[in-house]
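Breakdown of the fold
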Amino acid sequence: MFPPKFGRYIFVLIPTQLLLFAGVTLLIKYFKPISEHVTISFAVAGGIAAMVANHLAHSRTAADGRLNAEFLLYLFLDPTNCDAIVGDLEERYRKILGKFGKHRANFWYWTQAIRSVWPIAWAWAKKTTLKPLIGVIAWAVAKGLLDRDSWVAAFVELFRRIRS
Amino acid sequence: MAKGDNLGEFEQLILTGLMILHENAYGMTIHEKVEELVERKRTVSLGSVYTTLDRLEQKGYVRSWFSDPTPERGGRAKRYFEITGAGEKALKKSLKVAANMVAGLKEIGGVV
(Lines give C-alpha, C1' and ligand atoms only; values in the text may rest on other atoms or scores of the structure.)
Protein backbone atom coordinates (compact mmCIF):
# COMPACT_ATOMS: atom_id res chain seq x y z
CA MET A 1 0.00 0.00 0.00
CA PHE A 2 2.74 2.46 1.02
CA PRO A 3 6.33 2.56 -0.12
CA PRO A 4 8.42 0.80 2.60
CA LYS A 5 10.12 3.95 3.93
CA PHE A 6 6.88 5.95 4.07
CA GLY A 7 5.15 3.12 5.95
CA ARG A 8 7.98 2.92 8.45
CA TYR A 9 7.81 6.59 9.28
CA ILE A 10 4.02 6.62 9.46
CA PHE A 11 3.62 3.51 11.61
CA VAL A 12 6.79 3.50 13.70
CA LEU A 13 8.57 6.81 13.91
CA ILE A 14 5.66 9.27 14.11
CA PRO A 15 3.60 7.30 16.71
CA THR A 16 6.76 6.81 18.80
CA GLN A 17 7.51 10.53 18.71
CA LEU A 18 3.88 11.42 19.54
CA LEU A 19 3.90 9.06 22.51
CA LEU A 20 7.20 10.43 23.77
CA PHE A 21 6.09 14.05 23.47
CA ALA A 22 2.77 13.22 25.20
CA GLY A 23 4.79 11.63 28.00
CA VAL A 24 7.06 14.65 28.29
CA THR A 25 4.05 17.04 28.31
CA LEU A 26 2.39 15.05 31.10
CA LEU A 27 5.65 15.01 33.04
CA ILE A 28 5.94 18.80 32.74
CA LYS A 29 2.31 19.27 33.77
CA TYR A 30 2.38 17.10 36.87
CA PHE A 31 5.89 17.90 38.05
CA LYS A 32 5.63 21.63 37.38
CA PRO A 33 6.47 22.69 40.95
CA ILE A 34 9.78 20.86 40.76
CA SER A 35 11.92 22.88 38.38
CA GLU A 36 14.59 20.17 38.17
CA HIS A 37 12.13 17.73 36.63
CA VAL A 38 11.08 20.29 34.02
CA THR A 39 14.71 20.75 33.03
CA ILE A 40 15.15 16.97 32.83
CA SER A 41 12.03 16.72 30.64
CA PHE A 42 13.34 19.31 28.20
CA ALA A 43 16.72 17.58 28.15
CA VAL A 44 15.01 14.23 27.40
CA ALA A 45 12.92 15.83 24.60
CA GLY A 46 16.05 17.43 23.12
CA GLY A 47 17.94 14.13 23.34
CA ILE A 48 15.12 12.25 21.60
CA ALA A 49 14.94 14.87 18.83
CA ALA A 50 18.72 14.57 18.32
CA MET A 51 18.54 10.77 18.21
CA VAL A 52 15.71 10.81 15.66
CA ALA A 53 17.63 13.32 13.53
CA ASN A 54 20.73 11.14 13.69
CA HIS A 55 18.67 8.06 12.82
CA LEU A 56 17.20 9.82 9.78
CA ALA A 57 20.63 11.00 8.66
CA HIS A 58 21.98 7.41 8.72
CA SER A 59 18.90 5.84 7.19
CA ARG A 60 20.21 6.57 3.70
CA THR A 61 23.22 4.28 4.13
CA ALA A 62 21.85 1.33 6.13
CA ALA A 63 19.87 -1.61 4.76
CA ASP A 64 16.09 -1.34 5.18
CA GLY A 65 15.41 -4.29 7.50
CA ARG A 66 17.95 -3.09 10.04
CA LEU A 67 16.77 0.47 10.51
CA ASN A 68 14.31 -0.18 13.30
CA ALA A 69 16.94 -2.11 15.26
CA GLU A 70 19.17 0.95 15.02
CA PHE A 71 16.32 3.13 16.19
CA LEU A 72 15.84 0.93 19.28
CA LEU A 73 19.48 1.50 20.23
CA TYR A 74 19.29 5.24 19.49
CA LEU A 75 16.55 5.51 22.13
CA PHE A 76 18.92 4.63 24.97
CA LEU A 77 22.39 5.67 23.85
CA ASP A 78 24.12 8.89 22.97
CA PRO A 79 24.73 9.17 19.18
CA THR A 80 28.52 8.56 19.34
CA ASN A 81 28.27 5.36 21.38
CA CYS A 82 25.33 4.18 19.35
CA ASP A 83 27.29 4.72 16.13
CA ALA A 84 30.08 2.50 17.51
CA ILE A 85 27.66 -0.32 18.42
CA VAL A 86 25.70 -0.09 15.16
CA GLY A 87 29.02 -0.01 13.28
CA ASP A 88 30.09 -3.24 15.05
CA LEU A 89 26.76 -4.86 14.20
CA GLU A 90 27.10 -3.72 10.58
CA GLU A 91 30.68 -5.03 10.30
CA ARG A 92 29.80 -8.48 11.66
CA TYR A 93 26.58 -8.52 9.60
CA ARG A 94 28.66 -8.12 6.44
CA LYS A 95 30.97 -10.93 7.56
CA ILE A 96 28.04 -13.32 8.15
CA LEU A 97 26.38 -12.17 4.93
CA GLY A 98 29.48 -13.16 2.95
CA LYS A 99 29.75 -16.56 4.65
CA PHE A 100 26.17 -17.72 5.23
CA GLY A 101 23.82 -15.51 3.21
CA LYS A 102 21.22 -12.84 3.83
CA HIS A 103 18.66 -14.77 5.92
CA ARG A 104 21.16 -15.93 8.51
CA ALA A 105 22.81 -12.51 8.61
CA ASN A 106 19.47 -10.77 9.11
CA PHE A 107 18.52 -13.25 11.85
CA TRP A 108 21.86 -12.70 13.61
CA TYR A 109 21.54 -8.91 13.34
CA TRP A 110 18.03 -8.84 14.79
CA THR A 111 18.69 -11.27 17.63
CA GLN A 112 21.84 -9.33 18.57
CA ALA A 113 20.04 -5.97 18.40
CA ILE A 114 17.11 -7.16 20.52
CA ARG A 115 19.34 -8.90 23.07
CA SER A 116 21.57 -5.83 23.23
CA VAL A 117 18.72 -3.43 23.98
CA TRP A 118 17.91 -4.95 27.38
CA PRO A 119 21.30 -4.43 29.13
CA ILE A 120 21.65 -0.99 27.52
CA ALA A 121 18.11 0.03 28.56
CA TRP A 122 18.70 -1.28 32.09
CA ALA A 123 21.96 0.67 32.40
CA TRP A 124 20.21 3.78 31.05
CA ALA A 125 17.30 3.34 33.50
CA LYS A 126 19.69 2.92 36.43
CA LYS A 127 21.61 6.03 35.40
CA THR A 128 18.62 8.28 34.66
CA THR A 129 15.89 7.21 37.08
CA LEU A 130 17.75 6.08 40.17
CA LYS A 131 18.87 9.54 41.33
CA PRO A 132 15.46 11.26 40.87
CA LEU A 133 13.80 8.25 42.58
CA ILE A 134 16.17 8.49 45.55
CA GLY A 135 15.50 12.26 45.58
CA VAL A 136 11.71 11.75 45.71
CA ILE A 137 12.02 9.12 48.45
CA ALA A 138 14.36 11.38 50.47
CA TRP A 139 11.94 14.26 50.01
CA ALA A 140 9.04 12.04 51.10
CA VAL A 141 10.97 10.92 54.19
CA ALA A 142 11.82 14.56 54.98
CA LYS A 143 8.14 15.48 54.75
CA GLY A 144 7.26 12.69 57.14
CA LEU A 145 5.19 10.89 54.54
CA LEU A 146 6.66 7.50 55.22
CA ASP A 147 5.53 7.52 58.82
CA ARG A 148 2.23 5.94 57.82
CA ASP A 149 0.45 2.63 58.16
CA SER A 150 1.21 1.51 54.65
CA TRP A 151 3.37 2.54 51.71
CA VAL A 152 0.23 2.85 49.57
CA ALA A 153 -1.14 5.57 51.87
CA ALA A 154 2.23 7.34 51.78
CA PHE A 155 2.35 7.14 47.98
CA VAL A 156 -1.20 8.48 47.61
CA GLU A 157 -0.39 11.36 49.96
CA LEU A 158 2.82 12.10 48.06
CA PHE A 159 0.96 12.12 44.73
CA ARG A 160 -1.73 14.39 46.20
CA ARG A 161 0.86 16.87 47.45
CA ILE A 162 2.70 16.93 44.14
CA ARG A 163 -0.53 17.69 42.30
CA SER A 164 -1.75 20.38 44.71
CA MET B 1 40.23 -3.93 48.96
CA ALA B 2 36.81 -2.24 48.69
CA LYS B 3 33.80 -4.25 47.50
CA GLY B 4 33.62 -2.24 44.26
CA ASP B 5 37.17 -3.32 43.31
CA ASN B 6 36.17 -6.98 42.93
CA LEU B 7 35.62 -8.19 39.39
CA GLY B 8 32.61 -10.18 38.28
CA GLU B 9 32.99 -13.18 35.97
CA PHE B 10 31.93 -11.24 32.88
CA GLU B 11 34.28 -8.38 33.76
CA GLN B 12 37.12 -10.91 34.01
CA LEU B 13 36.22 -12.26 30.58
CA ILE B 14 36.19 -8.79 29.05
CA LEU B 15 39.52 -7.78 30.60
CA THR B 16 41.07 -11.09 29.48
CA GLY B 17 39.78 -10.42 25.96
CA LEU B 18 41.30 -6.93 26.03
CA MET B 19 44.68 -8.31 27.11
CA ILE B 20 44.65 -10.95 24.35
CA LEU B 21 43.52 -8.55 21.61
CA HIS B 22 45.88 -5.80 22.73
CA GLU B 23 45.85 -3.11 19.98
CA ASN B 24 42.95 -4.52 17.98
CA ALA B 25 40.38 -4.35 20.77
CA TYR B 26 37.11 -2.76 19.70
CA GLY B 27 33.45 -3.77 20.18
CA MET B 28 33.21 -6.47 17.52
CA THR B 29 36.56 -8.15 18.17
CA ILE B 30 36.00 -8.09 21.96
CA HIS B 31 32.56 -9.64 21.45
CA GLU B 32 34.02 -12.38 19.23
CA LYS B 33 36.85 -13.07 21.69
CA VAL B 34 34.47 -13.33 24.67
CA GLU B 35 32.26 -15.76 22.71
CA GLU B 36 35.40 -17.77 21.97
CA LEU B 37 36.45 -17.75 25.65
CA VAL B 38 33.07 -19.03 26.87
CA GLU B 39 33.22 -21.66 24.08
CA ARG B 40 29.74 -20.53 22.97
CA LYS B 41 28.31 -22.24 26.07
CA ARG B 42 26.45 -19.09 26.98
CA THR B 43 24.98 -16.28 24.93
CA VAL B 44 26.79 -12.98 24.90
CA SER B 45 25.21 -9.84 23.47
CA LEU B 46 27.08 -6.87 22.11
CA GLY B 47 25.03 -4.61 24.39
CA SER B 48 26.19 -6.42 27.52
CA VAL B 49 29.80 -6.17 26.31
CA TYR B 50 29.45 -2.39 25.90
CA THR B 51 27.67 -1.82 29.23
CA THR B 52 30.38 -3.84 31.01
CA LEU B 53 33.12 -1.90 29.22
CA ASP B 54 31.46 1.38 30.28
CA ARG B 55 31.35 0.17 33.88
CA LEU B 56 35.00 -0.87 33.75
CA GLU B 57 35.90 2.53 32.30
CA GLN B 58 34.12 4.23 35.21
CA LYS B 59 36.14 2.09 37.62
CA GLY B 60 39.32 3.15 35.83
CA TYR B 61 40.22 -0.35 34.58
CA VAL B 62 39.75 0.48 30.90
CA ARG B 63 40.25 3.50 28.66
CA SER B 64 38.62 4.11 25.29
CA TRP B 65 38.87 6.35 22.23
CA PHE B 66 37.19 6.67 18.85
CA SER B 67 38.84 6.00 15.49
CA ASP B 68 38.02 7.62 12.15
CA PRO B 69 34.88 6.36 10.36
CA THR B 70 35.43 3.44 7.95
CA PRO B 71 33.38 2.46 4.84
CA GLU B 72 33.03 -1.24 5.82
CA ARG B 73 31.09 -0.08 8.89
CA GLY B 74 28.72 2.17 6.93
CA GLY B 75 30.80 5.27 7.68
CA ARG B 76 30.80 4.74 11.44
CA ALA B 77 33.70 5.09 13.85
CA LYS B 78 35.20 2.28 15.93
CA ARG B 79 35.45 2.62 19.70
CA TYR B 80 38.79 1.14 20.73
CA PHE B 81 39.48 -0.08 24.27
CA GLU B 82 42.66 -0.63 26.25
CA ILE B 83 43.24 -2.13 29.68
CA THR B 84 44.89 0.19 32.23
CA GLY B 85 47.49 -0.69 34.86
CA ALA B 86 44.79 -0.81 37.55
CA GLY B 87 42.74 -3.11 35.33
CA GLU B 88 45.64 -5.51 34.85
CA LYS B 89 46.24 -5.54 38.60
CA ALA B 90 42.57 -6.26 39.37
CA LEU B 91 42.48 -9.07 36.77
CA LYS B 92 45.64 -10.69 38.15
CA LYS B 93 44.15 -10.58 41.65
CA SER B 94 40.93 -12.23 40.45
CA LEU B 95 42.80 -14.91 38.51
CA LYS B 96 44.93 -15.69 41.56
CA VAL B 97 41.78 -16.33 43.59
CA ALA B 98 40.47 -18.59 40.81
CA ALA B 99 43.82 -20.45 40.70
CA ASN B 100 43.64 -20.96 44.48
CA MET B 101 40.16 -22.43 44.09
CA VAL B 102 41.36 -24.85 41.39
CA ALA B 103 44.37 -25.85 43.52
CA GLY B 104 42.13 -26.41 46.56
CA LEU B 105 39.80 -28.66 44.58
CA LYS B 106 42.71 -30.60 43.08
CA GLU B 107 44.05 -31.32 46.58
CA ILE B 108 40.86 -33.14 47.53
CA GLY B 109 40.66 -34.83 44.13
CA GLY B 110 37.61 -32.73 43.38
CA VAL B 111 35.78 -31.66 40.28
CA VAL B 112 38.71 -30.27 38.24
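These numbers were taken from a predicted model, which means no experiment stands behind them. (Residues numbered from 1 in each chain as written. Chains lettered and ligands numbered in written order. Predicted model: local features only at pLDDT ≥ 70, side-chain atom pairs only at ≥ 80, totals over all residues. Heavy atoms only, no water.)

Points about the overall build of chain B
In terms of regular secondary structure, chain B is built from four helices and two strands. Counting from the amino terminus, chain B carries its helices and strands in the arrangement α-α-α-β-β-α. When the 112 residues of chain B are sorted by exposure, 43% land in the buried category. Considering only contacts in chain B between residues 6 or more positions apart, those separated by 24 or more positions represent 51%. (Helix = DSSP H or I, 4+ residues; strand = E, 2+ residues; numbered from the N terminus. Buried < 20%, exposed > 50% of the residue type's maximum accessible area, 1.4 Å probe, protein only. Contact = heavy atoms within 4.5 Å.)

Concerning the confidence of the model for chain B
Residues at a pLDDT of 70 or more form 95% of chain B, whose mean pLDDT is 89. For chain B, per-element mean pLDDT is lowest for helix α4 (residues 85-107) of chain B, which scores 92, and highest for strand β2 (residues 79-83) of chain B, which scores 95. (pLDDT = per-residue confidence, 0-100.)

Quick word on unusual backbone geometry
Despite not being glycine, B:His22 shows a phi value in the positive range, around 55°. Here B:His22 shows up in the loop between α1 (9-21) and α2 (27-37).

Re the nonpolar core
A:Leu73, A:Ile85, B:Ile14, B:Leu15, B:Leu18, B:Ile30 and B:Leu53 are the most contacted members of the largest nonpolar core, which totals 40 residues. Those elements that provide at least two residues to this core are α3 (67-76), α4 (79-100) and α5 (102-142) of chain A together with α1, α2, α3 (46-59), β2 and α4 of chain B. Looking at this core, the element that brings in the most residues is α4(A), giving seven residues. For A:Ile85, the residues in contact, after removing those within four places along its chain, are A:Leu73, A:Leu77, A:Ile120, B:Leu46 and B:Tyr50. (Core = buried A, V, L, I, M, F, W, Y, C linked by side-chain atoms within 4.5 Å.)

Let's talk about the environment of B:Val44
Within the element layout of this structure, B:Val44 appears in the loop between α2 and α3. In sequence terms B:Val44 and B:Val34 are ten residues apart; their C-alpha atoms lie 7.7 Å from each other. If sequence neighbours within four positions are ignored, B:Val44 has contacts with A:Gln112, A:Arg115, B:Phe10, B:His31, B:Val34, B:Glu35, B:Val38 and B:Val49.

What to know about the pattern of salt bridges
Inspection of the entire model under this criterion finds 15 salt bridges over all chains. Among the salt bridges present, the one from A:Glu91 reaches B:Arg73, with a minimum N-O distance of 2.7 Å. Here A:Glu91, found in helix α4, pairs with B:Arg73, found in the loop between β1 (62-66) and β2, and the two come from separate chains. On the accessibility criterion, A:Glu91 (13% relative accessible area) is buried. Accessibility expressed as a relative area gives 0% for B:Arg73, which makes it buried. Here the residues in one salt-bridge network are A:Asp83, A:Glu90, A:Arg94 and B:Arg76, joined through shared partners. (Salt bridge = Lys/Arg side-chain N within 4 Å of Asp/Glu carboxyl O.)

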